2 protein chains.
Amino acid sequence: MDATTKINIPESPHERIVIVGGGFGGLQLARKLSRDDYQVVLIDKNNYHQFQPLFYQVAMAGLEPSSIVFPFRKLFQGKKNIYIRVTEVVSVEPDKKTVQTPLGFCNYDHLIIATGADTNYFGNENIEKYALPMKSVAEALYLRNNILDDYEDALTTPDYEPRQELVDIVIVGGGPTGVELAGSLAEMKKHVLPKDYPELNIEEEVDIYLVQAGGCVLKGFSDDSSAKALRYLEELGVKVLLNSRVTDFDGHHVLLKDGSSIPSQKVIWAAGVKGSPVPGLPATSITYGNRLAVDRFHRVKETEDVYAIGDVAYMEEPGWQKGHPQVAQVAIQNGANLARNFRNRIREKDLIPFAYNDKGSMATVGRGRAVVDIPKPKFQFGGFLAWLLWLVVHLFAILGTRNKLFVFINWVINYINYDQSLRLIIKPKIK
Amino acid sequence: MDATTKINIPESPHERIVIVGGGFGGLQLARKLSRDDYQVVLIDKNNYHQFQPLFYQVAMAGLEPSSIVFPFRKLFQGKKNIYIRVTEVVSVEPDKKTVQTPLGFCNYDHLIIATGADTNYFGNENIEKYALPMKSVAEALYLRNNILDDYEDALTTPDYEPRQELVDIVIVGGGPTGVELAGSLAEMKKHVLPKDYPELNIEEEVDIYLVQAGGCVLKGFSDDSSAKALRYLEELGVKVLLNSRVTDFDGHHVLLKDGSSIPSQKVIWAAGVKGSPVPGLPATSITYGNRLAVDRFHRVKETEDVYAIGDVAYMEEPGWQKGHPQVAQVAIQNGANLARNFRNRIREKDLIPFAYNDKGSMATVGRGRAVVDIPKPKFQFGGFLAWLLWLVVHLFAILGTRNKLFVFINWVINYINYDQSLRLIIKPKIK
């Protein structure tokens, strides 16, 4: 296809809204518009929506990808004004009001950038080359295969030093992703690996490191929750290195800023993200963290009919002078507000400026323990009850999208016997 | 690693049995020997056993791979005399009693070749290059991704001819695999595709072809069952081409022996298998269908302490003068008999010659219909009852290896609403 081919989408009497990206924000927007007088074109690289908060479970062989990803075509069955195209937007031409894709170009009346964020390696090329990201279910699956492959290799590696490289795992970043990963790896070390690999001395040889630049984990949570999460991790045997930083990684040794090094071939990078806007938008619309500056109506600065929602957007609001956190809640609320404004537009009602309703934060540390922060009324708690709440919230979040029975049964079985059958190194054979 | 590195396996006072391949035969043998005075080394390319009779369900997005594959380490947890090595046997050196692998060499006292069979393209290089095999769960997953990708592409292919290539599917081979695939594809066409792709004219444009060289499908079954299966397929709308043959395939058009051609990019090749023995065994031990000739005690002709079981073995037995069929039952019974003989050897009892106990054959054609042949007393039946029996037999077969609850619930849900959430194009991202 070349730049002059038009992507095959039926003509419509209605205005066309093109949404780039079917994450939390894009999906919410498309759903809310599925009965309105717009033609909605949802473009995504994948044919499925990914439930990001549970990627770490896929990486840890605790859940199947199919439990946490949802095919768009199933989600939108029967919605006649929604057109799904599985492709990538290569660039935007705001003057012509088109986006370019490998399948051809696509006109829009309104364009929504909901492309989210990608891993930020802060310019360190070695780390980018060797570390493992976890920003998609495909990456999580790759990480799972990698961990399992390395334990197999460890069996036939008689020397101590090279075996250490295979069995030790370093997680960088003490946010929710890093903490949840470290917690479940520690449990895997305790409950699964000794049974699967009796030939290895798991207890003594395997170390799980969590490297965090600041003085606490779960920065942004309440002090109490941060402290609790740290204690939970240490009780599980995770070696938490606070006020530390990975300065280099050659694929075999992880160099820390104090000059020490850890032998490991697996560095999981959960230390930061940056917005991933689409090429073609004015450079001046890009701001902090490579995000698109938007006003309270989600309009991208210095453009017309272009909007941004979710992790790729940067909006200042009284009370959130440094922008909103890059979390699912913000993206979902962004999508809902923008949909409402599109509806108001048709009905010639006033547009509503976005106002973030912070419902709180939670993170789980292994099975049966979590921390929960609730902002209004200010309140925090941890332990088993927090974990139950975490479970319920996450189940309800995927309830709308899919039969949750499986995920639930899966978790229950998992919880009872610490033992899944998902430790499979499956790679679709490429011909 | 080079040919002089020894693979890392602890020394043992017992004789070492090396099993190459963890399919039905190899797995059965290893399980039956898991409490005996032998050191058993099980070598497989994958870290899991694959339940081959349900591959087609994975290809049709009806089941997750994890429902039908089982990690060896989980199957053998707590079995101290079993050592699993995930690698490939490159060659055997019968004189030195070793096998070579990329991890180093491995000595054996007894070697069992249980490497099964691979797709047979009968020397047609074009077909080998372009057709899709289905002899592993990885290939089934690849096929699934391929089918889904092509329907996505069809949406943006406005011209009729090229779109036909994307939506039509040709299955070659009218054995159980071909028949079961055709049946479930026909159901997918009827119940799933119209909902997922309302933009396509599924009913009129999509054709499922089944090409069979002989005059009936399910050759080897009773005439009655063959006829029934054919009727079921035609009722489901499958275009069954009997007495036909694919002579060439260029990736876009399938050429048949009568000179006609079908526009299709997807040819699923289920037309034949050939044994895949390990290099290094005497050429004279290889016989019909590239299989290893064995005596009634599974010993490979012209070798010592080398055995073959399952699809790769060719054994003549009174009543089976042309060898046994290459099916799971034979492999399982081979494995069990060889295990018994290894035990008898230790106890200085007589070895027992293998005798095949044919329990019958069955094949399912879509949901709710199957055919069953029972040899003693000679008896056959079809329809819904046969399908229920098929379901029960397959559930019990995986009962031993894994919690069958999931697979069962999955099937029930699937059966009721014809709609799975597994239509996901997931490829582990390769860095």
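Just so it is clear, the model here is predicted, and its values are computed rather than measured.

Across its full length, chain A holds 14 helices and 25 strands. With the C-alpha coordinates aligned to their principal axes, the bounding extent of chain A is approximately 70 × 55 × 45 Å. The 431 residues of chain A split such that 50% are buried. A fraction of 64% describes how many contacts in chain A between residues 6 or more apart in sequence connect residues 24 or more apart.

If you look at the biggest cluster of nonpolar residues, it comprises 129 residues, and the most contacted ones within it are I19, I112, I113, L233 and I268 of chain B. In terms of residue count, helix α6 (residues 137–155) of chain B provides more of this core than any other element does, ten residues in total. Two domains each donate at least three residues to this core, and these are domain 1 (15–119 + 274–346) and domain 2 (125–271) of chain B. Beyond its immediate sequence surroundings of up to four residues, I19 of chain B is in contact with G26, L29, A30, V40, V41, L42, I43, I112 and A114 of chain B. Core analysis: the next-biggest nonpolar cluster, separate from the first, contains 128 residues, L27, L141, V294 and V306 of chain A among them.

Residue and element names in this part refer to chain A. Reading across from one edge, β5-β2-β1-β9-β21 is the order of the five strands in this open sheet, with parallel pairing throughout. The open sheet terminates on both sides in strands that have one partner only, identified here as β5 (82–86) and β21 (306–308). Taking the axes of each pair of neighbouring strands and ignoring which way they run, one obtains an average angle of 20 degrees across the sheet.

All names here are of chain A. Here three strands make up an open sheet; going across it, the order is β23-β24-β25 and the pairing antiparallel. Looking at which strands have only one partner, the edges of the open sheet turn out to be β23 (361–364) and β25 (379–383). On average, adjacent strands in this sheet sit at an angle of 5 degrees to one another, irrespective of strand direction. Bridge count for β23 against strand β24 (residues 370–374) is four bridges, and the pairing is antiparallel. When the sheet's bridge partners are listed, A363 is paired in β24 with V371.

Before going further, it helps to examine the packing of helix α1 (residues 24–32) of chain B against helix α12 (residues 328–346) of chain B. All names here are of chain B. Contact pair α1 / α12: the axes reach a minimum separation of 7 Å and the direction vectors enclose 30 degrees. Here α1 lies roughly parallel to α12, going by the angle between them. Relative to α12, α1 is oriented so that their crossing is right-handed. Taken together, the residues of α12 that come into contact with α1 (itself represented by F24, G25, G26, Q28, L29 and K32) are A328, A331, I332, N334, G335, A336, L338 and A339. A per-class count over the contact of α1 with α12 returns eight nonpolar, five polar and one charged.

So, on to the domain arrangement of chain A. Residues and elements named next belong to chain A. Under the domain assignment used here, chain A contains domain 1 (15–119 + 274–346) and domain 2 (125–271). Domain 1 and domain 2 are separated by 32 Å when their C-alpha centres are compared. Contact residues are listed per partner, giving 14 residues for domain 1 and 17 residues for domain 2. Listed by contribution, the elements that provide at least two residues to the side of domain 1 that touches domain 2 are α2 (55–59), α3 (65–68) and β10 (117–119). Top contributing element to the side of domain 1 that touches domain 2 by residue count: α2, with four residues. Across the side of domain 1 that touches domain 2, the residue classes break down as ten nonpolar, three polar and one charged.

In this section: the environment of A328 of chain B. All names here are of chain B. If you trace the backbone, A328 turns up in helix α12. Using a count of 18 C-beta atoms within 10 Å as the deciding quantity, one classes A328 as partly exposed. Linking A328 and F51, residues 277 residues apart in sequence, is a C-alpha distance of 9.4 Å. Ignoring any residue separated from it by four or fewer positions in sequence, one finds A328 in contact with F24, Q52 and P53.

Calculation criteria
Residues numbered from 1 in each chain as written. Chains lettered and ligands numbered in written order. Predicted model: local features only at pLDDT ≥ 70, side-chain atom pairs only at ≥ 80, totals over all residues. Helix = DSSP H or I, 4+ residues; strand = E, 2+ residues; numbered from the N terminus. Buried ≥ 20, exposed ≤ 12 C-beta atoms within 10 Å, placed from the backbone. Contact = placed C-beta atoms within 7 Å. Core = buried A, V, L, I, M, F, W, Y, C linked by C-beta atoms within 7 Å. Domains from an automatic or database assignment. Pairing = 2+ DSSP bridges. Axes fitted to C-alpha atoms, helices over the stretch in contact; angles between N-to-C directions. Parallel < 35°, antiparallel > 145°, perpendicular 65-115°, else oblique. Left-handed = near helix turned anticlockwise from the far one by under 90°. Nonpolar A, V, L, I, M, F, W, Y, C, P; charged D, E, K, R; others polar.

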